[in-house]
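Okay, here's what each chain looks like letter by letter:
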Amino acid sequence: MANFEMPTKTHRLGVFLELRKRLQSGLLIVGKDAAKSPADVAVTGGASSLCIRTLQGELRVALPAGVAFESGSCVPTPAGESCIEEMHFRLRIMVSHDLCEEAPVSVMETLRAEETYCFLCQGCMTRLLEDREFKRVLPLPNCNWSTIVDEWCCHPNPFADKKLLPRAEDCLVTDTHLLLHRDTSCDQTLTEEVSVVPSKDGQDSKKPCRRLTLVSCKSCSSALGEAVAPGILKLYFTQVVVEPAAGDRTMDTSLNSRSRFLEKTIAAMLLKLSMSLSSFHFCVQTPDGTNVLLLWLLNSDSIIASVLQTCAESLKSVSTDALHSSSPPAARALKVLYITCSNPGPEQKDIISSWEVNVIGHPVVLPLNVCEELLRVMDDSNSTLPASMCHMRSYEVAYLRL
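Quick notes on the rules
- Residues numbered from 1 in each chain as written.
- Predicted model: local features only at pLDDT ≥ 70, side-chain atom pairs only at ≥ 80, totals over all residues.
- Heavy atoms only, no water.
- Helix = DSSP H or I, 4+ residues; strand = E, 2+ residues; numbered from the N terminus.
- Buried < 20%, exposed > 50% of the residue type's maximum accessible area, 1.4 Å probe, protein only.
- Contact = heavy atoms within 4.5 Å.
- Pairing = 2+ DSSP bridges.
- Expected span 1.5 Å × (residues − 1).
- Arc of directions from axis to C-beta.
- Salt bridge = Lys/Arg side-chain N within 4 Å of Asp/Glu carboxyl O.
- Axes fitted to C-alpha atoms, helices over the stretch in contact; angles between N-to-C directions.
- Parallel < 35°, antiparallel > 145°, perpendicular 65-115°, else oblique.
- Nonpolar A, V, L, I, M, F, W, Y, C, P; charged D, E, K, R; others polar.
- Phe/Tyr/Trp six-rings, centres within 6.5 Å; stacked < 30°, edge-to-face > 60°.
- Lys, Arg positive; Asp, Glu negative; His and termini not counted.
- Polar contact = N/O pair within 3.5 Å; in protein donor to acceptor, adjacent residues only side chain to side chain.
- pLDDT = per-residue confidence, 0-100.
- Disulfide = S-S within 2.5 Å.

Visitor: Give me the side chain of Glu263: which residues, what numbers.
Guide: Examined against the element boundaries, Glu263 turns out to sit in helix H4 (residues 258-277). Given the relative accessible area of 6%, Glu263 is considered buried. Discounting residues that sit within four places of it in the chain, Glu263 has contacts with Val377, Tyr399, Leu400 and Arg401.

In structure tokens, the structure reads:
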């Protein structure tokens, strides 16, 4: 896997807030540039907002429906080694009992038989296929199914060297991609390019190279997936937008930002996998099985909001609308620990080796460029966190917004 340079991380904190629905509590961290002592910080709550006042001004954070600040509950708490730069506060929240923790609807769940869908390129929103109605929408086994199939059978593997492919009006769905038939409209919207992939063990010249037919959008050249067999397309959920072809459609504003779309898609994917598999460890890897990221999902009930010090310095009165571009309003997020598998440190090497030896982590297979994009999203999130929250043991910390 090719190495690539990541931008230098900086941590200039203004205000950071994390609320936990299940614990009904929260952590507020204020940088010493925004307030000199706990007396300079005041927290109050409105009907649907939290107001944080510091020497720099006032930050109002819109709270989700059913979540309210418990008045008078904000108290200082030790900041440990970060006390020189940060002040920590604990607070209590009230969560309505009827507030349900619904998982965001993902592409895997929206596809239904006997309904018509259109498929768009996420990069340029070009229509890729003719509107498609499937007679069957079926789940595929997870990506390591072939390695355990011998445990299912008392005779030789009947699926050896066979691919599971859709019929003409089928759609086969996995955790990360779907398989469907190519139609005549693809000649105008898609391009295919054959790529030769060397064997994973590059020193073994006896192993033949694999040939992949990569599929891209003809309009913007974005990589979409592969042609896994003649007339069969493999499209990754991170690269396409799937929408009902009929009825009123409200365009999701997250589609306008590539990084936001990827963040939201991966977060929904990890949340769904954790609920269905009761697994919280994931290996993000390329199709040839090379691990790029190790992810450990810590919790899925966080609500976060933050503002960098550079933004706080430029505004006397801060609203979530005014800071939308630099500090999003309070949003539900997954808290994730992660390790980058390229150029790890000594302690991280031991963790990576342990994951591989003990087969820890459900594989999440994505194209290499998407794995690298996801790493940039994780690092961008990490760079906005308070210094005290950037690391946990040998892992780095990130939040993926849903």
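Visitor: Got a sec to walk through the sheet that holds strand E9 (residues 116-121)? Specific residues and values, please.
Guide: Taken in spatial order, the 3 strands line up as E10-E9-E18 in an open sheet, and their pairing is antiparallel. Pairing within the sheet leaves two strands with one partner each, and these edge strands are strand E10 (132-133) and strand E18 (240-244). Where E9 lies against E10, 2 bridges are found, and the strand directions are antiparallel. Counted as the bridge partner of Thr116 is Glu133 from E10.

Visitor: Which residues make up helix H6 (residues 346-357), and what are the values?
Guide: Between its first and last C-alpha, H6 extends 17 Å over 12 residues, near the 16 Å set by a 1.5 Å rise per residue. Those residues of H6 lying buried are Gln348, Ile351, Ile352 and Trp355. Each buried residue of H6 lies within a common arc of 100 degrees when the element is viewed along its axis, so the set occupies one face. Exposed residues on H6 whose side chains face more than 90 degrees from its buried face are Pro346, Asp350 and Val357. Val359, located one to two residues past H6, shows a positive phi value of around 50 degrees.

Visitor: So what's going on with the pattern of salt bridges? Which residues, and what values?
Guide: All told, the structure shown has 13 salt bridges when counted by the stated rule. Linking Asp301 and Arg22 is a salt bridge whose minimum nitrogen-to-oxygen distance equals 3.7 Å. In this pair, Asp301 is assigned in strand E20 (residues 291-308) and Arg22 in the loop between strand E1 (13-20) and strand E2 (25-31), connecting sequence segments 279 residues apart. Given the relative accessible area of 0%, Asp301 is considered buried. Between Arg132 and Asp183 there is a salt bridge whose closest N-O contact spans 2.9 Å. One end of the pair, Arg132, is in strand E10; the other, Asp183, is in the loop between strand E13 (177-181) and helix H3 (186-189), with 51 residues separating them in the sequence. Assigned by exposure class, Arg132 and Asp183 land together as buried. Each member of the salt-bridge network shares a partner with another, and the members are Arg20, Arg22 and Asp301.

Visitor: I'd like to hear about the packing of H4 against helix H7 (residues 368-383), residue by residue, with values.
Guide: Contact pair H4 / H7: the axes reach a minimum separation of 10 Å and the direction vectors enclose 95 degrees. Here H7 runs roughly perpendicular to H4, going by the angle between their axes. Along its contact with H4, which presents Arg258, Ser259, Leu262, Glu263 and Ile266, the element H7 presents Val370, Glu373, Leu374 and Val377. Its residues assigned to classes, the contact of H4 with H7 comprises 5 nonpolar, 1 polar and 3 charged.

Visitor: Give a description of the packing of aromatic side chains that names residues and reports values.
Guide: For the coordinates displayed, the defined rule picks out 3 aromatic pairs. A ring pair is formed by Phe119 and Phe134, whose centres lie 6.3 Å apart and whose planes are at 85 degrees; its orientation type is edge-to-face. Highlighted residues: Phe119 in strand E9 and Phe134 in the loop between E10 and strand E11 (136-139), separated in sequence by 15 residues. Side by side, Phe119 and Phe134 carry an identical accessibility label, which is buried. Judged by centre distance (5.6 Å) and plane angle (75 degrees), the ring pair of Trp296 and Tyr395 falls under edge-to-face. One end of the pair, Trp296, is in strand E20; the other, Tyr395, is in strand E25 (residues 395-401), with 99 residues separating them in the sequence.

Visitor: Give me the lowdown on unusual backbone geometry, citing residues and values where you can.
Guide: Comment: phi is negative for the bulk of residues other than glycine, and the bulk of peptide bonds are trans. Here Glu114, not a glycine, exhibits a phi torsion of approximately 65 degrees, which is positive. Residue position: Glu114 is located in the loop between helix H1 (107-110) and E9. Looking at Glu114, the relative accessible area reads 52%, which means it is exposed. Positive phi, close to 50 degrees, is recorded for Ser278, a residue that is not glycine. Here Ser278 is to be found in the loop between H4 and strand E19 (281-285).

Visitor: Can you break down the side chain of Lys234 residue by residue, with the values?
Guide: Tracing the backbone through its elements, the reader meets Lys234 in strand E17 (residues 232-236). The charged side chain of Lys234 is buried without a salt bridge, its nearest counter-charge being Glu226 at 4.1 Å. Separated by 3.3 Å, the side chains of Lys234 and Tyr236 make a polar contact. Once residues within four sequence positions are removed from consideration, Lys234 is found in contact with His177, Leu178, Leu179, Leu224, Gly225, Glu226 and Val228.

Visitor: Go over the pairing of E17, please, and point to the residues and values.
Guide: Across the 5 residues of E17, 5 count as buried, placing the element largely inside the fold. Neither face of E17 is open: one carries Ile232, Lys234 and Tyr236, the other Leu233 and Leu235, and all of them are buried. Here 4 bridges tie strand E16 (residues 223-229) to E17, and the two strands are oriented antiparallel to one another. For Ala229, the partnering residue across the bridge sits in E17 and is Ile232.

Visitor: Can you break down the confidence of the model for the protein chain residue by residue, with the values?
Guide: On average, residues of the protein chain score 81 in pLDDT, and 77% of them are at 70 or above. Of the regions scoring below 50 in pLDDT, residues 1-8 engages in 13 contacts with residues more than four places distant in sequence or in other chains. Below a pLDDT of 50 lies the segment residues 310-328, which in the model reaches 31 contacts outside its immediate sequence neighbourhood of four places, other chains included.

Visitor: Explain the state of the cysteines to me, and be specific about the residues and the numbers.
Guide: Following the criterion strictly, the structure yields 0 disulfides and no others. Residue Cys121 stays outside any disulfide, its sulfur separated by 3.6 Å from that of Cys220, the closest cysteine. The exposure class assigned to Cys121 is buried, which follows from its relative accessible area of 0%.

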